[in-house]
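Fold and contact review
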Amino acid sequence: MNKPVLPMSSLSLKLPTADRKIENYRLAASRTFPARLEGTLNRVAFSAAHVVADPLADNDPWLTSAIDWDRTIAFREHVWNLGLGVAEAMDTAQRGMGLDWKTSLELIQRSVRAAKAHGNALVFSGAGTDHLAVEDAKSIDDVIRAYEEQISAVEKAGGRIILMASRALAKIGRNADDYAKVYGRVLSQVREPVIIHWLGDMFDPALAAYWGTADLDKAMDTAVAIINAHAAKIDGVKVSLLDKQREIDMRRRLVPAVKMYTGDDFNYAELIAGDAQGFSHALLGIFDAIAPAASYALSRLAAGDEAGFHDVLGPTVPLSRHIFKAPTRFYKTGVVFMAYLNGHQDHFTMVGGQESARSTLHLAELFRLADKAGLLANPELATRRMKAMLATRGFEA
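These numbers were taken from a predicted model, which means no experiment stands behind them.

The rules behind the values
Residues numbered from 1 in each chain as written. Predicted model: local features only at pLDDT ≥ 70, side-chain atom pairs only at ≥ 80, totals over all residues. Heavy atoms only, no water. Helix = DSSP H or I, 4+ residues; strand = E, 2+ residues; numbered from the N terminus. Rg over C-alpha atoms; globule rule 2.2 N^0.38 Å. Buried < 20%, exposed > 50% of the residue type's maximum accessible area, 1.4 Å probe, protein only. Contact = heavy atoms within 4.5 Å. Areas by Shrake-Rupley, 256 points an atom, 1.4 Å probe, with all protein chains shown as cover. Lys, Arg positive; Asp, Glu negative; His and termini not counted. Charge placed at Lys NZ, Arg CZ, Asp CG, Glu CD. Salt bridge = Lys/Arg side-chain N within 4 Å of Asp/Glu carboxyl O. Core = buried A, V, L, I, M, F, W, Y, C linked by side-chain atoms within 4.5 Å. Pairing = 2+ DSSP bridges. Right-handed = clockwise from strand over helix to strand, strands pointing away. Polar contact = N/O pair within 3.5 Å; in protein donor to acceptor, adjacent residues only side chain to side chain. Axes fitted to C-alpha atoms, helices over the stretch in contact; angles between N-to-C directions. Parallel < 35°, antiparallel > 145°, perpendicular 65-115°, else oblique. Left-handed = near helix turned anticlockwise from the far one by under 90°. Nonpolar A, V, L, I, M, F, W, Y, C, P; charged D, E, K, R; others polar. 1 Å grid on protein atoms, 1.4 Å probe; cavity = no way out; pocket = protein on both sides within 12 Å on 5 of 7 lines; lining within 4 Å. Points joined across faces, edges and corners; volume = space filled by probe spheres on them.

Tallying secondary structure elements over the protein chain gives 15 helices and 10 strands in all. Over its C-alpha trace the protein chain gives a radius of gyration of 21 Å, about what one expects of a compact globule, namely 21 Å for 397 residues. Projected onto its principal axes, the C-alpha coordinates of the protein chain cover approximately 60 × 50 × 45 Å. Within the protein chain, buried positions represent 55% of all 397 residues. Excluding contacts between residues fewer than 6 apart, the proportion of contacts in the protein chain whose partners are at least 24 apart in sequence is 69%. In the structure as shown, the protein chain presents an accessible area of about 16,200 Å², 50% of it carried by carbon and sulfur atoms. In the protein chain, which carries 46 positive and 47 negative side-chain charges, the distance between the mean positions of the two groups comes to 2 Å.

With respect to the helices and strands, His-362 occurs in helix H14 (residues 360-372). Separated by 143 residues in the primary sequence, His-362 and Ala-219 have C-alpha atoms spaced 33 Å apart. Those residues in contact with His-362, other than ones at most four positions away along the chain, are His-322, Ile-323 and Lys-325.

On to the pattern of salt bridges, then. One pass over the full model with this rule turns up 22 salt bridges. Here Lys-259 ties to Asp-235 by a salt bridge, and the two come within 2.9 Å at their closest N and O atoms. Taken as a pair, Lys-259 in strand S9 (residues 259-262) and Asp-235 in strand S8 (residues 234-240) lie far apart in primary sequence, 24 residues in all. Through salt bridges with shared partners, a single network forms among Glu-23, Glu-365 and Arg-368.

Let us now look at the nonpolar core. Soluble globular proteins tend to bury their nonpolar side chains together. Core analysis: the largest hydrophobic core is formed by 126 residues, its most contacted members being Tyr-183, Tyr-210 and Phe-287. Here the element with the most residues in this core is helix H3 (residues 140-156); it accounts for 8 residues. Those residues within four positions of Tyr-183 in sequence are excluded, and the remaining contacts are Tyr-147, Leu-163, Met-164, Ala-165, Leu-169, Ile-196, Tyr-210, Trp-211 and Ile-226. Of all hydrophobic cores here, the second largest spans 10 residues; its members include Ala-87, Ile-162, Tyr-261 and Leu-283.

Positionally, Leu-105 belongs in helix H2 (residues 101-117). Sequence separation between Leu-105 and Ala-168 is 63 residues; the distance between their C-alpha atoms is 19 Å.

Quick look at the pairing of strand S10 (residues 281-284) now. Burial of S10 is two-sided: the residues His-281 and Leu-283 facing one way and the residues Ala-282 and Leu-284 facing the other way are all buried. Bridging between strand S3 (residues 45-48) and S10 involves 3 bridges; their strand directions are parallel. Bridging from a neighbouring strand, Phe-46 pairs with Leu-283 of S10. One ladder, built from 2 bridges, connects S9 with S10; its direction is parallel. Paired with Thr-262 across the strands is Ala-282, a residue of S10. Considered for its hand, the β-α-β crossover made up of S9, helix H8 (residues 268-273) and S10 is right-handed.

What follows concerns the side chain of Gln-345. With respect to the helices, strands and loops of the structure, Gln-345 is situated in the loop between helix H13 (331-341) and H14. We classify Gln-345 as buried; its relative accessible area is 1%. A distance of 3.2 Å separates the side chain of Gln-345 from the backbone oxygen of His-347, its partner in a polar contact.

To continue, consider the packing of helix H1 (residues 69-81) against H2. In helix packing, the relevant descriptors are the interaxial angle and the interaxial distance, both defined with respect to the helix axes. As a packed pair, H1 and H2 sit with axes 10 Å apart at the nearest point and diverge in direction by 50°. The orientation of H1 relative to H2 falls into the category oblique. Along this stretch, H1 crosses H2, giving a crossing that reads as right-handed. For the pair formed by H1 and H2, the contact residues are Trp-69, Thr-72, Ile-73, Arg-76 and Trp-80 on the first element and Thr-103, Glu-106, Leu-107, Arg-110, Ser-111, Ala-114 and Ala-115 on the second. Counted by class, the contact of H1 with H2 contains 6 nonpolar, 3 polar and 3 charged residues.

With the rule as written, the count across this model stands at 1 cavity of 30 Å³ or more. One number sums up the size of the largest cavity: a volume of about 60 Å³. Along the wall of the largest cavity there are 13 residues; nearest its centre are Asp-91, Thr-92, Lys-238, Gly-285 and Tyr-331. By residue class, the composition of the lining of the largest cavity is 6 nonpolar, 4 polar and 3 charged.

This brings us to the sheet that holds strand S7 (residues 194-199). The strand order around the closed barrel built from 8 strands is S3-S4-S5-S6-S7-S8-S9-S10, with neighbouring strands paired in parallel fashion. Geometrically, the sheet is characterised by an average inter-axis angle of 30° between neighbouring strands, direction not taken into account. Both S3 and strand S4 (residues 85-88) contribute to a ladder of 3 bridges, which runs parallel. Directly across from Ala-48, in S4, lies its bridge partner Ala-87.

See the structure below:
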């Protein structure tokens with residue numbers, strides 16, 4: 001299965017190009033991936049899942065979020081069916097970028113309940129400090145209390161923790177000792193081992209100089225020291241720096257009990273495959289957009305078919321690099337557009353009005369790359385929806 005049976009599709013549409021022209025784009029033959037996991041996995045893989053906005057809510061999208069809870073949970077069930085875990089209420093869900101803590105907690109509570117009903121499916125949820133306004137954080141103790149409040153709420157809901165990076169800590173944390181104090185105090189209290197998330201400033205500019213320094217080598221020294229010192233309380237660490245060598249270097253410095261979860265949406269295929277000295281597990285925003293292909297590729301890797309793994313996952317990397325191109329923080333627009341093209345929601349509306357964060361040319365190139373990677377689940381539907389989007393932006397497709 002999974003091999004194109006024809007060199008090209010009969011479907012075509014007009015797409016704008018970078019030189020301000022219109023091309024007649026003909027789709028490639030589609031690939032078909034299983035809707036459920038076939039076989040087993042030998043990597044732990046999370047999809048950082050998006051939320052589906054409610055397009056009919058009478059709200060002000062720049063100020064308040066409105067969520068279609070049924071479609072949002074249905075998407076998570078789709079991910080779980082594929083054998084992937086859900087990393088809940090993370091930056092892919094527009095956490096702190098349109099989704100506030102109150103709504104995030106409701107999302108976490110609903111997701112944890114749905115996971116239990118889905119055979120105790122895998123879900124970890126983000127706990128941070130985003131209910132504490134950065135300007136109101138006056139001391140390290142303020143940051144600790146904010147973390148404790150969110151951790152308590154997630155654990156009360158029955159959830160496992162992803163310890164998110166803190167904008168407040170980035171602002172007031174001066175050195176390695178400040179970070180060691182915060183993480184030491186917080187980790188000493190968690191019920192179950194957590195995933196530490198190191199989110200780079202390309203994803204969130206407010207997190208510049210995290211770990212108390214702008215020097216990434218020194219930042220890594222601090223992070224590794226804290227993580228290894230508290231290894232019994234840590235399931236793993238997700239690194240989102242878009243720098244594969246730094247991830248590999250850090251992976252090799254972690255104590256064996258601590259997993260490395262790649263957050264590198266540019267180089268995930270080779271990092272997951274690994275080398276003679278180890279490999280990365282996965283916690284990726286792109287696994288929202290490519291979940292069926294990711295599941296199938298990972299099942300091939302577990303079956304010892306590394307060539308099959310790369311055959312499926314390799315062609316998805318150009319799409320991911322496009323979706324996550326600078327300004328990287330706007331990647332959520334591409335992820336949600338993929339969900340729209342693939343029928344997981346009936347509209348291209350986002351929390352915070354973020355559907356406007358990428359250009360028409362960007363979305364046209366996304367369509368081309370998704371098609372070339374065989375990621376359009378229903379090419380006829382995707383083509384109709386691409387044409388509809390172009391029409392709203394002034395293009396006859």
